[in-house]
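Report on the structure
The primary structure of each chain is shown beneath.
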Amino acid sequence: MTSPISLTRYLVEQQRIQSHIPADLRLLLEVVARACKSISRAVNKGALGDVLGTAQSENVQGEIQKKLDIIANEVLIEANEWGGHLAAMASEEMEGIYVVPNRYPQGEYLLLFDPLDGSSNVDVNVSIGTIFSVLKKPDASAGVSESDFLQPGNRQVAAGYCVYGPQTTLVLTVGDGVSMFTLDREQGSFVLTQERVKIPADTKEFAINMSNMRHWADPVKRYVDECLAGSTGVRGKDFNMRWVASMVADVHRILTRGGIFLYPWDKREPGKPGKLRLMYEANPMSWLIEQAGGAATDGRQRILDIEPTQLHQRVSVVLGSRNEVERVTGYHAGL
Ligand code: AHG
Ligand code: MN
Ligand code: MN
C-alpha cells in the first residue's frame, strides 16, 4: 500500500523534483495552507466560537463585514507577514495593500486573497471558502506599491482556494495542473486526494443567480433561455441548475463534475463590469479552471489576459466546461 502524500511532501516534490516552484514559494503555500486550517477550525466552531453574525464595519466595497470575514483576514495576515517570503498582501477586506512591516524581512512575492468567500452563507451553515492568488513583484528593487499588484492573471505563479464544506479541501495550481488535498483532521494535515483534475468539455448543469434574469444582457438571456428550453429547444437536452452563492463551492462542483458558472454584468449597476472581483476571485479561479482544461472569459475576452487598473476592480465572469463557455462567448460576439 502506498502511503498518503501530504501537501508538504507534494510541495517539496514540486520544488525538488519538478523544479516548478522555488523554496520561497513552497514556504508561502505551506503558510497559506496553515492559515486555511486555522480558518477551518474557526468556521467549524460556529455559534460555539462566537464567530457568526456581522461585525460593526463595512469593507471597501461598502459591504457589511461578517465577523468571520475579519477573523479570516487577520489569520491570513498574521500567518504570512513574518516568514520573509512576501513583500505585501492585498485583500477584499482591506482598502489598500498591507506591506510587510519593517521588523520582518521582505520577500519577492505578493499575496492576494478573498479571506472568506460566500459570506452570506456563514450563518446558515453552507459551504464557504478562502481564495488566493500569488504574483511576483515585477522588479527586485526595494519597496512595494499598489501598482506592483496590477498584473494580469496570466502572470500568477500560484493560485488556489480552500473550501470549508462537509470536508475542508484545498485546491491548488502552480501551473502544472490542478491538485486537491483533503484535510485529515486527526493528523492535522492536508492529504493529496486528486491530481490532474479534468473538467469535461460538455455539461448539462449551469449556475447563475436567476433572480437577476430581468437585468441581464441579451447574450446571457439567450444562453439561459436555451438551457431552460431543454430537450424541446435548440440545445436538444435538459439542463440542471445549481447556485450555492459561494463562488468557491460552485467552482469546486465544476472542477469535480463539470458545469458552467456565470456572474455576468447586469443592469442593476450598469457602471460596474460585474459583481465579482478580478484580482482575488476571478483570476485565481480562472487559472484553476484553465489548468483543468476548462475556459474562463468575461463574455468577450480571456479573463487571465485582462490588464488590471485597480486592486478591487470587478469583472463579469463566465467559466467552466470549455464548450459551454465558448458558446456564451460566441453569443456575446454576435455568433
Ligand atoms: P464574498 O462573500 O466574498 O463577497 O463573495 C460572494 C460572491 C460569490 O462567492 C458568489 O458567487 C456571489 O457573491 C453570490 O452573489 P449573489 O448573492 O448576488 O447571488
Ligand atoms: Mn468572494
Ligand atoms: Mn469575501
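Residues numbered from 1 in each chain as written. Chains lettered and ligands numbered in written order. Predicted model: local features only at pLDDT ≥ 70, side-chain atom pairs only at ≥ 80, totals over all residues. Heavy atoms only, no water.

**Observations concerning the coordination of the manganese ion (ligand 3)**
At the metal site, the manganese ion (ligand 3) is ligated by E92 (OE), D114 (OD) and L116 (O), and these contacts range over 2.2 to 2.3 Å. In primary-sequence terms, the residues that donate to the manganese ion (ligand 3) follow E-x21-D-x1-L. A separation of 3.7 Å is found between the manganese ion (ligand 3) and the manganese ion (ligand 2), both of which receive a donor from D114. Separated by 22 residues along the polypeptide, E92 in the loop between β3 (86-91) and β4 (98-99) and D114 in strand β5 (residues 109-117) bring together distant segments of the chain. E92 sits in the buried class, given a relative accessible area of 4%. (Donors = N, O, S within 2.8 Å, 3.2 Å for Na, K, Ca; no water. Helix = DSSP H or I, 4+ residues; strand = E, 2+ residues; numbered from the N terminus. Buried < 20%, exposed > 50% of the residue type's maximum accessible area, 1.4 Å probe, protein only.)

**Points about the packing of aromatic side chains**
Enumeration over the complete set of coordinates arrives at four aromatic pairs. Ring centres of Y10 and F181 lie 4.9 Å apart, and the angle between their planes is 75 degrees; this geometry places the pair in the edge-to-face category. You can see Y10 sitting in helix α1 (residues 7-16) and its partner F181 sitting in strand β9 (residues 178-184), a full 171 residues away along the chain. Each of the two residues, Y10 as well as F181, counts as buried. Relative to Y263, the ring of W243 lies with its centre 5.9 Å away and its plane at 55 degrees, an arrangement referred to as tilted. (Phe/Tyr/Trp six-rings, centres within 6.5 Å; stacked < 30°, edge-to-face > 60°.)

**Looking at the sheet that holds strand β10 (residues 189-194)**
Either a parallel or an antiparallel arrangement is found when strands of a sheet pair, and the pairing is made through backbone hydrogen bonds. Ordered in space as β4-β3-β5-β6-β7-β8-β9-β10, the eight strands form an open sheet in which the pairing is mixed. Taken across any chain shown, the strands that pair with only one partner, and hence form the sheet edges, are β4 and β10. Pairing between β5 and strand β6 (residues 128-136): seven bridges, direction antiparallel. When the sheet's bridge partners are listed, L112 is paired in β6 with S133. Contacting β8 (168-173), β9 and β10, α1 runs over the sheet at an angle of about 5 degrees to β8. With respect to the sheet, helix α3 (residues 67-80) is in contact with β3, β4, β5 and β6, its orientation differing from that of β5 by roughly 155 degrees. (Pairing = 2+ DSSP bridges. Contact = heavy atoms within 4.5 Å. Axes fitted to C-alpha atoms, helices over the stretch in contact; angles between N-to-C directions.)

**Some remarks on the domain arrangement of the protein**
For the protein, the assigned domains read domain 1 (7-194) and domain 2 (205-332). Distance from the C-alpha centre of domain 1 to the C-alpha centre of domain 2: 23 Å. Facing the 51 residues of domain 1 at the interface are 32 residues of domain 2. Surface buried jointly by domain 1 and domain 2 totals about 2900 Å² across both partners, of which 63% is contributed by carbon and sulfur atoms. (Domains from an automatic or database assignment. Buried area = accessible area lost by both parts, 1.4 Å probe.)

**Digging into the coordination of the manganese ion (ligand 2)**
Each pair of donors in an ideal octahedron of six around a metal sits at 90 or 180 degrees, and each pair in an ideal tetrahedron of four sits at 109.5 degrees. Within the protein, the manganese ion (ligand 2) binds to D114 (OD), D117 (OD) and E281 (OE); these donor distances fall in the range 1.8 to 2.1 Å. Read N to C, the donor residues that coordinate the manganese ion (ligand 2) are spaced as D-x2-D-x163-E.

**Section: the packing of helix α2 (residues 23-45) against α3**
Direction vectors running N to C along α2 and α3 enclose 150 degrees, while the axes themselves pass 9 Å from each other. By the angle between their directions, the pair α2 and α3 is classed as roughly antiparallel. Here α2 runs over α3; the crossing is right-handed. On α3, the residues that touch L28, V31, V32, A35, S38, I39, A42 and V43 of α2 are L68, A72, V75, L76, A79 and N80. Across the contact of α2 with α3, the residue classes break down as 12 nonpolar, two polar and no charged. (Parallel < 35°, antiparallel > 145°, perpendicular 65-115°, else oblique. Left-handed = near helix turned anticlockwise from the far one by under 90°. Nonpolar A, V, L, I, M, F, W, Y, C, P; charged D, E, K, R; others polar.)

**Some words on the site of ligand 1**
Around ligand 1 sit 18 residues, and of these D117, S119, N209, M247 and Y263 come closest. In this structure, an oxygen atom belonging to ligand 1 sits 3.0 Å away from a side-chain N or O atom of D114. Side-chain polar atom of R277 to an oxygen atom of ligand 1: 3.1 Å apart, as the coordinates give it. The fraction of the free accessible surface of ligand 1 (470 Å²) that becomes covered by protein chains is 87%. (Near = heavy atom within 4 Å. Polar contact = N/O pair within 3.5 Å; in protein donor to acceptor, adjacent residues only side chain to side chain. Areas by Shrake-Rupley, 256 points an atom, 1.4 Å probe, with all protein chains shown as cover.)

**Here's the deal with the layout of surface pockets**
As a volume, the largest pocket reaches approximately 440 Å³. Taken together, 26 residues form the lining of the largest pocket, with G118, S119, S120, A245 and K275 sitting closest to its centre. Secondary-structure elements contributing two or more residues to the lining of the largest pocket are β2 (64-66), β5, β13 (260-263) and β14 (276-277). Here the lining of the largest pocket is composed, by residue class, of eight nonpolar, eight polar and 10 charged. (1 Å grid on protein atoms, 1.4 Å probe; cavity = no way out; pocket = protein on both sides within 12 Å on 5 of 7 lines; lining within 4 Å. Points joined across faces, edges and corners; volume = space filled by probe spheres on them.)

**Some thoughts on empty space enclosed by the protein**
Inspection of every chain in the model, using the stated rule, returns one cavity of 30 Å³ or more. If you add up the space inside the largest cavity, you get close to 30 Å³. Lining the largest cavity we find L7, L29, V32, A33, F132, L170 and L172. Where the lining of the largest cavity is concerned, the elements lending two or more residues are α2 and β8. Among the elements that take part in the lining of the largest cavity, α2 stands out by supplying three residues, more than any other. Residues of the lining of the largest cavity, tallied by class, amount to seven nonpolar, no polar and no charged.

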